[in-house]
Amino acid sequence: MSNKPSPVVCRINEDRIEERAMKKSPAERGRVAVIGAGPGGLAAALSVHQAAHDVVLFERYPQARPAGTILNLWPAPIKALGLLEVNIEGLGAPCTAEFRNARGRCRVRAAIPEHIVREYGGGFIGLLRPELYERLLDALPKGVLQVNHTVERVEQDESGVRLHFANGRIHETDVVIGADGIDSLVRRTLWGDSPKREHNLHVIGGYTFDESIEAEPGMCVLSHSRTVQGSWTAIRDKGRDGHQWWVLEAFDASREFTADPHSTAAAVGQAFAHPLPQLIAATDPAQVQRWVIRDRKPLGQWSKGRATLVGDAAHPTSPYAAYGAGMAIEDGYFIGRRLVGMDLTDYQAVREALDAFEAPRKPHTARQSQQAYILGRIFHHAPPPLRPIRDAILDHTRLMQKVVGDSTPSSILTQLGEIDRAEERFTTTLRSPGS
């Protein structure tokens, strides 16, 4: 991306936010607790802070740490990050996303409009998760993050929420935001337990900064053989240019994986066009990770009482969407924008705000989650006799272009518009003397 601030990102003036917050009396300032310091939780804490409420972010581990390394972000979450005062200058490598067959023939190109590409320096960026975490944490005000705090129980009534911690502490708050991942305690508390949906797929991925490997610049390439996805994308990490890659294939989730991940990836990757095999070979095995893919079916309702969910707690999503972290960031941004100017001691006002937050988010996130699940089934669990027919359709028709190449960018544009509208409401409310 360009080192200049994106002109589409009208950043909130932090001094104005702090001034507005200081003018609010303690009785006016609401209390919000966020559980889980992943991208969604960090974004939620930043957005709630900008909304001039007191916010605390509880993390059970000794530090906020990324789960994995490789990551891609679309323009909408990048825009949200900028509005949250996260430094997005030079964040990630700008890319054009394409689906190809294993021989390198293009099947789908993400149809991001040229003006969006110009404004963001690319339609898609590749980066490593640790740098995103560092930038989110740098933007977080001191004292908001509290580590080594494991929540064991959440209780609520119309008067407030009580968080019970493993160390015996009880924290009282007006609103709680569950950003605690696919195994979310807040989700179970609100809606009971539900089984994870096993995709019976696994991913092996890694990254390298080897400069000797020549690859098409500025590309994110997702290729498929009859049974395997083999993909790579340009990345930028702390000013260094490199590449990340991953291979994805069917794997029975009930089995134990005992092979070497790097060797497995190298063997699988040989079926794909340059530069994927070369990138895998150049990667230090210490920078290779493996994980299984699972999600949960979308919830019909996220919020109950004074509690709501964001990110994987609400909509855990397969990496086939390339949107899990991005949607979590969007969730975090939008929840703070809905709470601005609200009297959080007013139960009915809280209920209305949380319902207004989730209403536009549910169809968007459910669609991405379900499409990712279906793509996994199509590419990796189709019966063998149908695979040649499937591939012929993908190679010689526009079906996948319509399903993925056009619809996903259309969803991104919709989210950019939603952010514009949310920001207009937000700034108007902040300026209002009665808010």
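Keep in mind the model is a prediction, meaning the values are calculated, not measured. (Residues numbered from 1 in each chain as written. Predicted model: local features only at pLDDT ≥ 70, side-chain atom pairs only at ≥ 80, totals over all residues. Heavy atoms only, no water.)

Draft legend 1. Representation of the overall build of the protein within the structure. Secondary structure assignment for the protein yields twelve helices and 17 strands. Taken over C-alpha atoms, the radius of gyration comes to 22 Å for the protein, in line with the 22 Å a tight globule of 435 residues would show. Counting only C-alpha atoms and orienting by the principal axes, one finds that the protein spans roughly 65 × 45 × 40 Å. By residue count, 57% of the 435 residues in the protein fall in the buried class. Long-range contacts, defined as pairs at least 24 residues apart, comprise 78% of the intrachain contacts of the protein with a sequence gap of at least 6. Measuring between centres, the 52 positive side-chain charges of the protein sit 4 Å from its 52 negative side-chain charges. (Helix = DSSP H or I, 4+ residues; strand = E, 2+ residues; numbered from the N terminus. Rg over C-alpha atoms; globule rule 2.2 N^0.38 Å. Buried < 20%, exposed > 50% of the residue type's maximum accessible area, 1.4 Å probe, protein only. Contact = heavy atoms within 4.5 Å. Lys, Arg positive; Asp, Glu negative; His and termini not counted. Charge placed at Lys NZ, Arg CZ, Asp CG, Glu CD.)

Draft legend 2. Representation of the UniProt feature "domain: FAD-binding" (unreviewed entry) in the protein. Cross-referencing UniProt, the feature "domain: FAD-binding" (unreviewed entry) maps to residues 145–369 in the present numbering. Across residues 145–369, helical content stands at 28% and strand content at 32%; the span's end C-alpha atoms are separated by 29 Å. (UniProt positions renumbered as here; feature names shortened; annotations may be inferred.)

Draft legend 3. Main features of the packing of helix α2 (residues 39–50) against helix α5 (residues 129–139). Running from N to C, α2 and α5 point in directions that differ by 20°, and their axes come no closer than 10 Å. Overall, the two elements α2 and α5 adopt an arrangement that is roughly parallel. Of the two possible hands of crossing, α2 and α5 adopt the one that is left-handed. Facing Pro39, Leu42 and Leu46 of α2, the residues of α5 in contact are Tyr133, Leu136, Leu137 and Ala139. When grouped by side-chain class, the residues that make up the contact of α2 with α5 number seven nonpolar, no polar and no charged. (Axes fitted to C-alpha atoms, helices over the stretch in contact; angles between N-to-C directions. Parallel < 35°, antiparallel > 145°, perpendicular 65-115°, else oblique. Left-handed = near helix turned anticlockwise from the far one by under 90°. Nonpolar A, V, L, I, M, F, W, Y, C, P; charged D, E, K, R; others polar.)

Draft legend 4. Just helix α11 (residues 387–396), in detail. The complete set of buried residues in α11 reads Arg387, Arg390, Asp391, Leu394 and Asp395. All buried residues of α11 project into a common sector of 125° when viewed along the axis, lining one side. Against β4 (93–101), β5 (106–109), α10 (347–380) and α12 (399–431) lie the buried residues of α11. (Arc of directions from axis to C-beta.)

Draft legend 5. Representation of the nonpolar core within the structure. Ranked by size, the top nonpolar core spans 98 residues in total, and within it Val32, Leu81, Leu163 and Ile177 carry the most contacts. In contact with Leu163, not counting residues within four places along its chain, are Ala33, Ile35, Phe58, Arg153, Val154, Arg169, Ile170, His171 and Val176. Membership of the second largest hydrophobic core comes to 18 residues, among which are Ile213, Trp245, Phe257 and Val288. (Core = buried A, V, L, I, M, F, W, Y, C linked by side-chain atoms within 4.5 Å.)

Draft legend 6. Structural detail: the sheet that holds strand β9 (residues 160–165). Taken in spatial order, the three strands of this open sheet run β8-β9-β10, and their pairing is antiparallel. Taken across any chain shown, the strands that pair with only one partner, and hence form the sheet edges, are β8 (151–157) and β10 (170–173). Averaged over all adjacent pairs, the angle separating strand axes in this sheet is 20°, with direction ignored. Bridging between β8 and β9 involves six bridges; their strand directions are antiparallel. Its bridge partner lying in β9, Asp157 is registered against Gly160. (Pairing = 2+ DSSP bridges.)

Draft legend 7. Looking closely at a nonpolar patch on the surface. The grouping of Leu386, Ile389, Ile393, Leu399 and Val403 at the surface amounts to a nonpolar patch, some 410 Å² of accessible area in total. Looking at the nonpolar patch, the elements with two or more residues in it are α11 and α12. Note on placement: Val403 falls in helix α12. Residue Val403 is classed as partly exposed on the basis of its relative accessible area of 36%. (Patch = residues over 30% accessible without salt bridge, like charges linked within 9 Å, V, L, I, M, F, W, Y side chains within 5 Å. Areas by Shrake-Rupley, 256 points an atom, 1.4 Å probe, with all protein chains shown as cover. Salt bridge = Lys/Arg side-chain N within 4 Å of Asp/Glu carboxyl O.)

Draft legend 8. Representation of α10. Helix length check: α10, at 34 residues, gives a terminal C-alpha distance of 47 Å against a target of 50 Å (1.5 Å per residue), a fit within 8%. Of all the bends in α10, the greatest, near 35°, is centred on Arg361, and the proline Pro363 appears no more than four residues after it. Between a side-chain oxygen at the N-terminus of α10 and the backbone nitrogen of Gln348 the separation is 3.1 Å; the capping residue is Asp346. (Expected span 1.5 Å × (residues − 1). Bend = angle between axes of the 7 residues up to and from the residue. Polar contact = N/O pair within 3.5 Å; in protein donor to acceptor, adjacent residues only side chain to side chain.)

Draft legend 9. The pattern of salt bridges, seen in detail. Per the stated rule, a full pass over the model turns up 27 salt bridges. With a closest N to O distance of 2.7 Å, Arg226 and Asp391 form a salt bridge. Here Asp391 lies in helix α11 and Arg226 lies in the loop between β13 (219–224) and β14 (228–237), a separation of 165 residues in the sequence. Judged by its relative accessible area of 44%, Arg226 is partly exposed. Classification of Asp391 as buried rests on a relative accessible area of 8%.

Draft legend 10. Molecular detail of the sheet that holds strand β7 (residues 145–146). The sheet built from five strands is open, its strands ordered β7-β2-β1-β11-β17 with parallel pairing. Only two strands of the sheet have a single neighbouring strand rather than two, namely β7 and β17 (307–309). Bridge count for strand β1 (residues 31–35) against strand β2 (residues 54–58) is five bridges, and the pairing is parallel. Residue pairing across strands places Val34 opposite Leu57, the latter belonging to β2.

Draft legend 11. Spatial organisation of the environment of Gly336. Of note, Gly336 is situated in helix α9 (residues 324–339). Gly336 sits in the buried class, given a relative accessible area of 0%. In the structure, Gly336 is positioned 86 residues away from Ala422 in sequence and 10.0 Å away in space, judged by C-alpha atoms. Once residues lying within four places of it in the same chain are set aside, the contact partners of Gly336 are Ser47, Val48 and Ala51.

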